[in-house]
Amino acid sequence: MIGRLNHVAIAVPDLAAASAMYRDVLGAEVSEPLPLPGHGVTVVFVGLPNTKIELLQPLGDASPIAPFLARNPSGGMHHVCYEVDDILAARDRLKAGGARVLGDGEPKLGAHDKPVLFLHPKDFTGTLIELEQA
Ligand SMILES: CC[C@H](C(=O)O)C(=O)SCCNC(=O)CCNC(=O)[C@H](O)C(C)(C)COP(=O)(O)OP(=O)(O)OC[C@H]1O[C@@H](n2cnc3c(N)ncnc32)[C@H](O)[C@@H]1OP(=O)(O)O
Ligand SMILES: [Co+2]
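Positions within a chain are numbered from 1, following the residues in the order the chain's sequence is written. Chain labels run from A onward and ligand labels from 1 onward, assigned in the order the entries are written. Predicted model: local features are reported for residues with pLDDT of at least 70 only, side-chain atom pairs are reported and counted for 80 or more only, and whole-chain, interface and lining totals are derived from all residues. Values reported for side chains reflect all heavy atoms of the structure, with hydrogen atoms and water molecules removed beforehand.

- Going by an unreviewed UniProt entry, the chain carries the name methylmalonyl-CoA epimerase and comes from Stella humosa.
- Listed in UniProt under the heading Catalytic activity (unreviewed entry), the comment for the chain reads: "(R)-methylmalonyl-CoA = (S)-methylmalonyl-CoA". UniProt positions are given in the numbering used here, feature names are shortened, and annotations may be inferred rather than shown by experiment.

Next up, the structure:
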């Protein structure tokens, strides 16, 4: 069911500083900031030869990553994103297997304008999983 690793996401308290570190210290290509008000985050993508790193900081006062950053003030690994061929079929199969799909269970468009869903970390070895329609 899951395919390519689309990105690994790191929540950060200061997106500009984290972007500069990846660009200037680690020598990576870093995209411009992309506000995603519908998701309560602003993101940049660090382009790598075999996948991407998504750096994200809270946007607005109801950001879903604010509690994570309160627990991890320096930032930290937040989620992994796997690609799936058919996100609705994947969702239905996972729900049938007892996994918790977050939100209302309906895919929403993510940073790549593709449908995404999130699976509860406590069902997947303490790891928040994002699925993105390939
Ligand atoms: C879609 C746009 C973009 C893209 O790539 O295209 C993005 O990726 S946007 C990313 C930001 N959006 C989300 O993360 C949406 C899904 N997330 C959520 O709904 C919440 O963050 C949730 C429910 C995963 C966690 O909520 P909260 O931080 O309030 O904590 P809880 O008390 O509900 O947590 C219960 C339990 O889970 C542990 N936890 C929380 N977050 C994570 C995490 N990122 N990784 C691993 N574990 C996590 C938390 O510590 C609690 O554990 P416990 O042992 O019970 O204390
Ligand atoms: Co993501």
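A closer look at unusual backbone geometry
Backbone phi values are negative for most residues with the exception of glycine, while trans is the configuration of most peptide bonds.
Right, on to step 1. Even without glycine at this site, Asp113 takes up a positive phi of about 60°.
Right, on to step 2. The way it works is that DSSP assigns letters per residue, a run of H or I at least four long becomes a helix, a run of E at least two long becomes a strand, and they are numbered from the N terminus. Here Asp113 shows up in the loop between β7 (108-109) and β8 (115-119).
Right, on to step 3. The rule is simple: take the accessible area with a 1.4 Å probe, protein chains only, and divide by the maximum for that residue type; under 20% is buried, over 50% is exposed, in between is partly exposed. What makes Asp113 exposed here is its relative accessible area of 61%.

Observations concerning the environment of Met1
Right, on to step 1. Summarising the element assignment, Met1 is placed in the segment before β1 (2-11).
Right, on to step 2. Between the C-alpha atoms of Met1 and Tyr82, which are 81 residues apart in sequence, the distance is 9.6 Å.
Right, on to step 3. Setting aside residues up to four positions removed in sequence, Met1 forms contacts with Glu83, Val84, Ala90, Arg93 and Leu94. In this analysis, two residues are considered to be in contact whenever any of their non-hydrogen atoms come within 4.5 Å of each other.

Things to note about the site of ligand 1
Right, on to step 1. Any residue with a heavy atom positioned within 4 Å of a molecule or strand is treated as near that molecule or strand. As a matter of local geometry, ligand 1 sits amid 23 residues, with Glu54, His78, His79, Ala111 and Lys122 nearest to it.
Right, on to step 2. By the criterion applied in these results, polar contacts are pairs of N or O atoms within 3.5 Å in which, for protein atoms, one can donate a hydrogen and the other can accept it, and in which residues neighboring in sequence qualify only through two side-chain atoms. Contacts to ligand 1 include Glu54, whose side-chain N or O atom sits 2.6 Å from an oxygen atom.
Right, on to step 3. A distance of 3.0 Å separates an oxygen atom of ligand 1 from a polar atom in the side chain of Arg71.
Right, on to step 4. Exposure was quantified through the Shrake-Rupley algorithm and a 1.4 Å probe, taking into account, for residues, occlusion by the shown protein chains and nothing else. In isolation ligand 1 offers 1,100 Å² of accessible surface; the protein chains occlude 71% of this area.
Right, on to step 5. For the shell around ligand 1, the secondary-structure elements that each account for two or more residues are β5 (52-58), α2 (66-71), β6 (76-84), β8 and β9 (128-133).

Concerning helix α1 (residues 15-25)
Right, on to step 1. Among the residues making up α1, those that are buried are Leu15, Ala18, Ser19 and Tyr22. Along the long axis of α1, the arc covered by the buried residues comes to 100°, so they all point the same way. Along α1, the residues that are exposed and aim more than 90 degrees away from the buried face are Ala16, Asp24 and Val25.
Right, on to step 2. The inward-facing, buried residues of α1 abut β1, β2 (29-30), β4 (41-47) and β5.
Right, on to step 3. Looking at where α1 begins, the residue whose side-chain oxygen comes 3.1 Å from the main-chain nitrogen of Ala16 is Asp14. It is the directions from the helix axis to the C-beta atoms that the arc portrays.

Structural notes on the coordination of the cobalt ion (ligand 2)
Right, on to step 1. Note: metal donors comprise N, O and S atoms at 2.8 Å or less from the metal (3.2 Å for Na, K and Ca); water molecules are not included, so apparent gaps in a site are possible. Here the cobalt ion (ligand 2) is held by His7 (NE2), Glu54 (OE), His79 (NE2) and Glu130 (OE), and the distances to it run 2.1 to 2.4 Å.
Right, on to step 2. Read N to C, the donor residues that coordinate the cobalt ion (ligand 2) are spaced as H-x46-E-x24-H-x50-E. Linking Glu54 in strand β5 with His79 in strand β6, this pair joins segments that are 25 residues apart in sequence. An identical accessibility class is assigned to Glu54 and His79; each is buried.

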